[in-house]
Amino acid sequence: MMADALVSERDQVIGMITGAWKTQVIGEGVKLGLFDRLGDGPMAASALASMAGANEDGVMRLLRGLATLGLLEHQPGNRFALTPLGHYLRRDTPDSLNGMTGHWADRMWNSFAGIGQSIRTGEASAPSGIDHFAEQQADTGAADVFNRAMAEGSLRVGRALARAYDFSDCQLLMDAGGGYGALLVGPLEANPHLSGQIYDLPSLSGVATAYQAEQGVADRVRYVGGSFFETVPASADCVLLKFILHDWNDANSLTILRHCHAAIGEDGRILVIERIVPETVSPADQDVIRGDLTMLTVGGKERTEAEYHALLGEAGLRITKIVPIDAGYSAIEARAA
Ligand SMILES: C[S@@+](CC[C@H](N)C(=O)[O-])C[C@H]1O[C@@H](n2cnc3c(N)ncnc32)[C@H](O)[C@@H]1O
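Presented here is an overview of the structure given in this document. What you see is a predicted model, and the numbers here were worked out from it, not measured in a lab.

### A word on the overall build of the protein
Phase 1 of the analysis: Counting its regular elements, the protein contains 14 helices and ten strands.
Phase 2 of the analysis: A compact globule built from 337 residues should have a C-alpha radius of gyration of about 20 Å, and the protein, at 22 Å, falls within 12% of that.
Phase 3 of the analysis: Across the 337 residues of the protein, 39% fall into the buried class.
Phase 4 of the analysis: Here the contacts in the protein between residues at least 6 apart in sequence split such that 64% fall between residues at least 24 apart.

### Some points on the site of the ligand
Phase 1 of the analysis: Of all residues adjacent to the ligand, which total 19 residues, the nearest are Met150, Ser154, Gly177, Gly179 and Phe243.
Phase 2 of the analysis: Elements with a minimum of two residues in the shell around the ligand: helix 8 (130-138), helix 9 (140-164) and helix 10 (182-190).
Phase 3 of the analysis: The biggest single contributor to the shell around the ligand is helix 8, with three residues.
Phase 4 of the analysis: Per-class residue counts for the shell around the ligand are ten nonpolar, six polar and three charged.

### Concerning the sheet that holds strand 3 (residues 79-82)
Adjacent strands of a sheet pair through backbone hydrogen bonds, lying either parallel or antiparallel.
Phase 1 of the analysis: One open sheet holds the three strands; their spatial order is 1-3-2, and the pairing between them is antiparallel. Since the sheet does not close on itself, it has two edges, and those belong to strand 1 (43-44) and strand 2 (72-75), each with one partner.
Phase 2 of the analysis: Note that strand 1 and strand 3 share two bridges and pair antiparallel. Of the residues in strand 3, the one forming a bridge with Ala44 is Arg79.

### Re the environment of Ala44
Phase 1 of the analysis: Assignment of secondary structure puts Ala44 in strand 1.
Phase 2 of the analysis: A tally of 15 C-beta atoms within 10 Å means that Ala44 is categorised as partly exposed.
Phase 3 of the analysis: C-alpha separation for the pair Ala44 and Gly77, spaced 33 residues apart in sequence, amounts to 7.4 Å.
Phase 4 of the analysis: Ignoring any residue separated from it by four or fewer positions in sequence, one finds Ala44 in contact with Gly77, Asn78 and Arg79.

### What about helix 2 (residues 20-31)?
Residue pairs three or four apart in sequence face the same way in an α-helix, which turns once every 3.6 residues.
Phase 1 of the analysis: Counted at 1.5 Å a residue, the expected span for helix 2 with its twelve residues is 16 Å, and the 17 Å between its end C-alpha atoms agrees.
Phase 2 of the analysis: On its buried face, helix 2 is in contact with helix 3 (34-37), helix 5 (56-68) and helix 6 (98-113).
Phase 3 of the analysis: At the exit of helix 2 stands Gly33, carrying a positive phi of roughly 75°.

### Quick look at the environment of Leu241
Phase 1 of the analysis: The topology assignment puts Leu241 in strand 7 (residues 238-242).
Phase 2 of the analysis: For Leu241, a count of 26 C-beta atoms within 10 Å gives the class buried.
Phase 3 of the analysis: Taking the C-alpha atoms as reference, Leu241 lies 30 Å from Val30; in sequence the two are 211 residues apart.
Phase 4 of the analysis: For Leu241, the residues in contact, after removing those within four places along its chain, are Ala176, Gly177, Cys260, Ile270, Val272 and Ile273.

### Notes on the sheet that holds strand 7
Phase 1 of the analysis: Overall, mixed pairing links the seven strands, which are arranged 6-5-4-7-8-10-9 in an open sheet. A strand with exactly one partner marks an edge of an open sheet, and here the two such strands are strand 6 (221-225) and strand 9 (317-324). When strand polarity is set aside, the average angle formed by the axes of neighbouring strands in this sheet is 25°.
Phase 2 of the analysis: The pairing of strand 4 (residues 172-176) with strand 5 (residues 195-200) spans five bridges and is classified as parallel.

Definitions and limits used
Residues numbered from 1 in each chain as written. Predicted model: local features only at pLDDT ≥ 70, side-chain atom pairs only at ≥ 80, totals over all residues. Helix = DSSP H or I, 4+ residues; strand = E, 2+ residues; numbered from the N terminus. Rg over C-alpha atoms; globule rule 2.2 N^0.38 Å. Buried ≥ 20, exposed ≤ 12 C-beta atoms within 10 Å, placed from the backbone. Contact = placed C-beta atoms within 7 Å. Near = placed C-beta within 6 Å. Nonpolar A, V, L, I, M, F, W, Y, C, P; charged D, E, K, R; others polar. Pairing = 2+ DSSP bridges. Expected span 1.5 Å × (residues − 1). Axes fitted to C-alpha atoms, helices over the stretch in contact; angles between N-to-C directions.

Have a look at this one:
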């Protein structure tokens, strides 16, 4: 018993050490469109290779790898079928993780390759900063993967937010740095009196509007292009900031918050949607800590509750409540101090 338990713990560590292969193998499966092609039913490895225009032996070995991860089922005659887990990797499926896969196999993969430098210097090691965001959003291919990855997460978080937070006395929700504005969908679906506004860089206007149309709420959402480092339009009584403050150091976060504060005036509110770092972590906190290490490579950080109090306080705001949402996310409500 004892020996088995020891082996099993050791195997868990081996799984952690070698985890990188999974990110790349799943990433290649998505890049070759294998999960989408299998959406209509099982196919032979040879047919998948020819449709993907890739080497038959290489694709066969990739498919076997995906089968060992439980994402595909290996059937007799080297045919492969999607499993329930594999369905999440199709692009056009509800709750898709297709964009997130591309994001992790490329941008995050490269970020983590340089994390040692960030740990030693405390500085960003991956391409980042105000201009870099604008350049990335102007590069259609990179922007598509990044924005879909964000939207896949935010659609779900927004629906959970709508269940957890009372929007009855809000009129216009602005999703600042909202990307496609996926976060707005849940609150708009649940609150017919609400209107939405996405405020993000001008280059996202067309794709964000198309996304809102797909979600069936485009008639209630307006896109406004601009930079939150320059100004935030004074139109909404509630400004949502999801995954914005964690992108930036305190100085840049303060600039954004001061512009949001000016936009909401004395009566509005800001909802910061982030995962909060507990004062003492345990294995249950892996998501927020993974986020924090990711942000370390780009010059941002995840923060503790005390750090949010200090940061918002410096921007002339005070935290009025913190509402747990789902999956470790919280809505930090802040108003003029
Ligand atoms: C990490 S993403 C978060 C997207 C969205 N809030 C979400 O959680 O799904 C950061 C967003 O900030 C936007 N952004 C970056 N710099 C900006 C700027 N200067 N002004 C407005 N938006 C900006 C990006 O285009 C991107 O959509």
